[in-house]
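Notes for the structure review
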Amino acid sequence: MVGILQAYGQSSGLFPSIGNGQTLLFDQIRAAASERFSEEKNAIDSKAQARSEAIDAQNERYIAVKAQINNAKIAVESGFESIQTIRNYLLDLRNTIALAGETGEDPELRAGEFDAKIAQINGEADTGGPAFNLVGYINRVDFSPHTIEYRADLALKVTELQGTYIGHDWRIHANDGTYWVPDLGADSLTQYSELQGEVQKTTLSDGTEADKTSSLRNAVTLVSYDSTTGAITLDVTFDPSQPAETVTGTLEQEGNGLFGSWFYDGLTTSTGRQQAFDAIEKAEIELTSRESILQKAAGLVATDSRKIDEELDRLSKDKVAALTEQLDETEQLQVTTAQQIFAMQTNLDNLSQQQQNYINAFAGFVRSPFLRFNLTA
């Protein structure tokens, strides 16, 4: 009996305090349970953190893809805005043409306004950088439109948006094999040996040699043009004191089809002004046609954007689920640990009661004249 009490109480006394021994043992149990709780809690937190970091990493990758898609969306929206801007310019051109035919108006002034507006139209087509433009930056060699590419997912899928051209570019392939190419910004026309070839030279009246470049505003005259075959004849002047050079060839063009006023008799004749009005109507139809290309691009961008949004939403839900799982597992661990400690305490209480019963049962047998105290509860 003494051995049992000593083992339980961890004391050197013959009859240690039952209460103190129980408290010490329970404290040890609680400390062990606390340590085990911390270890399991750390495991739960580590697992949750690893899962959260994996979700965050994937989320960042999807955000990077979404940024590219957003850039493509901006390009599409900018294209629509440019088309509307050019439609407004076309209305202004109609007004300019009408004024050029009124009595007392200065046709040369109105022709200058017309040419300035054409330059604005071409400038609007090429507004912004190539990375965000689907309506300009045409390839001047083959007239192919500009395209934009972007990643559409985390794999290797790439979406290519086919662009269009809402300005007007053109050149003349002369019968002698040379090319006459305009500088759309400077309103000039230059002869080249071939596409992207060398600039041709001419000798002026004073004997000096100069590039074969002339102003489209006052040194080029349209002689004839067949819209069916593209056959065209121009008179080009390099030196006012010398006869003009006649250029015959085939017109190659891309875009809305609007030339400068030189193509319409400088707006000085009713025939020329009517041709300008007709060209504007065709340009409006052309804009509508090219707008449909942007609509297709907008559809592709919207589809890709929606898919990425779905993935981002899924990751957001996964993040919430990971946090919820961490909280649930922590709560369950707390409940389990509390239940275990309570069970231990109950067992200790039962053991203490059994010991008390032993003491009560044998109290009468241990009275002795050699002992100065009685064993009591």
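Definitions and limits used
- All residue numbers here refer to positions counted from 1 along the written sequence of the relevant chain.
- Where totals are concerned, whole chains, interfaces and linings use all residues; where local detail is concerned, this predicted model gives features only for residues with pLDDT of at least 70, and gives and counts side-chain atom pairs only at 80 or more.
- Side-chain measures here rest on the full set of heavy atoms in the structure, leaving out hydrogens and waters.
- Runs of E in the DSSP output that reach at least two residues are strands. Runs of H or I that reach at least four are helices, and both are numbered from the N terminus.
- Buried, partly exposed and exposed residues are distinguished by accessible area as a fraction of the type maximum, computed with a 1.4 Å probe on protein chains only: under 20%, between the cut-offs, and over 50%, respectively.
- What makes two residues a contact is simply this: any of their non-hydrogen atoms within 4.5 Å.
- Only the protein chains shown count as cover for residues, and all accessible areas are computed by the Shrake-Rupley method using a 1.4 Å probe.
- By nonpolar core we mean a set of buried residues, namely Ala, Val, Leu, Ile, Met, Phe, Trp, Tyr and Cys, connected to one another through side-chain atoms within 4.5 Å.
- The rule for pairing is simple: two strands pair if DSSP sees at least two bridges between them.
- Structural elements are reduced to axes, namely lines fitted to C-alpha atoms, with helices fitted over the stretch in contact, and the angle between N-to-C directions of any two is expressed from 0 to 180 degrees.
- Pairing of aromatic rings covers Phe, Tyr and Trp, the last counted by its six-membered ring, and requires centre-to-centre distances within 6.5 Å; plane angles under 30 degrees mean stacked, over 60 mean edge-to-face, and any other angle means tilted.
- Expected span, for any helix, means 1.5 Å times one less than how many residues it has.
- The definition of a polar contact used here is a pair of N or O atoms within 3.5 Å, where within protein one atom must be able to donate a hydrogen and the other to accept one, and adjacent residues in sequence count solely through side-chain atom pairs.
- Throughout this description, the term salt bridge denotes a Lys or Arg side-chain nitrogen within 4 Å of a carboxyl oxygen of Asp or Glu.
- The quantity called pLDDT is the predictor's confidence in a given residue, expressed from 0 to 100.

**Observations regarding the overall build of the protein chain**
Counting secondary structure elements, the protein chain contains four helices and 11 strands. Counting over 377 residues, the protein chain shows a buried share of 35%. In the protein chain, the share of contacts with a sequence separation of at least 24, taken over all contacts with a separation of at least 6, comes to 61%. Counting only carbon and sulfur atoms, one obtains 51% of the accessible surface of the protein chain, whose full area is about 21100 Å².

**Focus on the nonpolar core**
Judged by nonpolar contacts, the single largest core of 61 residues is most densely connected at Leu 90, Leu 234, Leu 258, Trp 262 and Tyr 264. The greatest single-element share of this core, amounting to 14 residues, is contributed by helix 2 (residues 18–100). Beyond its immediate sequence surroundings of up to four residues, Leu 90 is in contact with Ile 121, Leu 258, Ile 280, Ala 283, Glu 284 and Leu 287.

**A look at the sheet that holds strand 8 (residues 213–215)**
Within the open sheet, the seven strands sit side by side as 8-5-4-3-11-10-9. Their pairing is antiparallel. Two strands close off the open sheet at either side, each with one partner strand: strand 8 and strand 9 (220–225). The mean angle between the axes of side-by-side strands here comes to 30 degrees, regardless of whether they run parallel or antiparallel. Judged from the five bridges that link them, strand 9 and strand 10 (residues 231–236) form a sheet pairing that is antiparallel. Residue pairing for strand 10: Val 220 is matched across the bridge by Val 236.

**Comments concerning the pairing of strand 2 (residues 158–162)**
Regular strands place their side chains on alternate faces of the sheet. Burial along strand 2 is one-sided: the residues Thr 159 and Leu 161 are buried and none of Val 158, Glu 160 and Gln 162 is. Strand direction decides the pairing type here: strand 1 (residues 147–151) and strand 2, joined by five bridges, are antiparallel. Residue pairing in the sheet places Glu 149 in a bridge with Glu 160 of strand 2.

**Considerations on the environment of Thr 127**
Structurally, Thr 127 is set in the loop between helix 3 (107–125) and strand 1. The exposure class of Thr 127 is partly exposed, given its relative accessible area of 37%. Sequence-wise, Thr 127 and Gly 79 are 48 residues apart; in three dimensions their C-alpha atoms are separated by 9.5 Å. Sequence-distant contacts of Thr 127, defined by excluding residues within four places in its chain, comprise Ser 82, Asn 133 and Tyr 137.

**Some points on the packing of aromatic side chains**
The full count for this structure, using the stated rule, is nine aromatic pairs. Seen in terms of ring centroids, Trp 180 and Phe 238 are 6.2 Å apart; in terms of plane orientation they differ by 25 degrees. Their pairing is stacked. One end of the pair, Trp 180, is in strand 4 (residues 179–183); the other, Phe 238, is in the loop between strand 10 and strand 11 (245–255), with 58 residues separating them in the sequence. For the pair Trp 180 and Phe 238, one class covers both residues: buried. Pairing Tyr 225 with Phe 263 gives two aromatic rings, centres 5.5 Å apart and planes at 65 degrees, and the pair type is edge-to-face.

**Brief notes about helix 3**
For helix 3, built from 19 residues, the straight-helix expectation of 27 Å at 1.5 Å per residue is met to within 8% by its first-to-last C-alpha distance of 27 Å. Taken together, the buried positions of helix 3 are occupied by Arg 110, Ala 111, Phe 114, Asp 115, Lys 117, Ile 118, Ile 121, Asn 122, Glu 124 and Ala 125. Two to three positions downstream of the cap, the backbone nitrogen of Glu 108 sits 3.1 Å from a side-chain oxygen, assigning the N-cap of helix 3 to Asp 106.

**Focus: the pattern of salt bridges**
A complete count under the given rule lists 22 salt bridges for this structure. Linking Lys 41 and Asp 45 is a salt bridge whose minimum nitrogen-to-oxygen distance equals 2.7 Å. With a gap of four residues between them, Lys 41 and Asp 45 both fall in helix 2, about one helical turn apart. When its relative accessible area of 21% is taken as the criterion, Lys 41 is described as partly exposed. Exposure remark for Asp 45: the relative accessible area of 23% places this residue in the partly exposed category. Residues Arg 140 and Asp 169 are paired through a salt bridge, measuring 2.8 Å at the closest nitrogen-oxygen approach.

**A closer look at the pairing of strand 10**
Where strand 9 folds back on strand 10, the antiparallel hairpin that results is connected by five residues, among which Gly 230 adopts a positive phi of roughly 85 degrees. Where strand 10 meets strand 11, six bridges bridge the pair, whose relative direction is antiparallel. Among the inter-strand pairings, Asp 235 is bridged to a residue of strand 11, identified as Thr 246.

**Overview of the confidence of the model for the protein chain**
Do not read the fine detail of predicted coordinates wherever pLDDT is low. On average, residues of the protein chain score 88 in pLDDT, and 86% of them reach the 70 mark or higher. Across residues 1–18, where pLDDT falls below 50, the model places 19 contacts with residues more than four positions away in sequence or in other chains. Segment residues 370–377 is flagged for pLDDT under 50; beyond a separation of four residues in sequence, or across chains, it makes nine contacts in the model.

**Considerations on unusual backbone geometry**
In this structure, Phe 143 takes a positive phi of about 65 degrees despite not being glycine. Tracing the backbone shows Phe 143 in the loop between helix 3 and strand 1. Residue Phe 143 is classed as buried on the basis of its relative accessible area, which comes to 12%. Phi at Asp 265 takes a positive value of approximately 60 degrees, unusual for a residue other than glycine. By secondary structure assignment, the location of Asp 265 is in the loop between strand 11 and helix 4 (270–362).

**Observations concerning the side chain of Thr 233**
For Thr 233, the position within the fold is in strand 10. Sequence-distant contacts of Thr 233, that is, excluding residues within four places in its chain, are made with Thr 221, Leu 222, Val 223, Ser 224, Thr 246, Val 247 and Thr 248.

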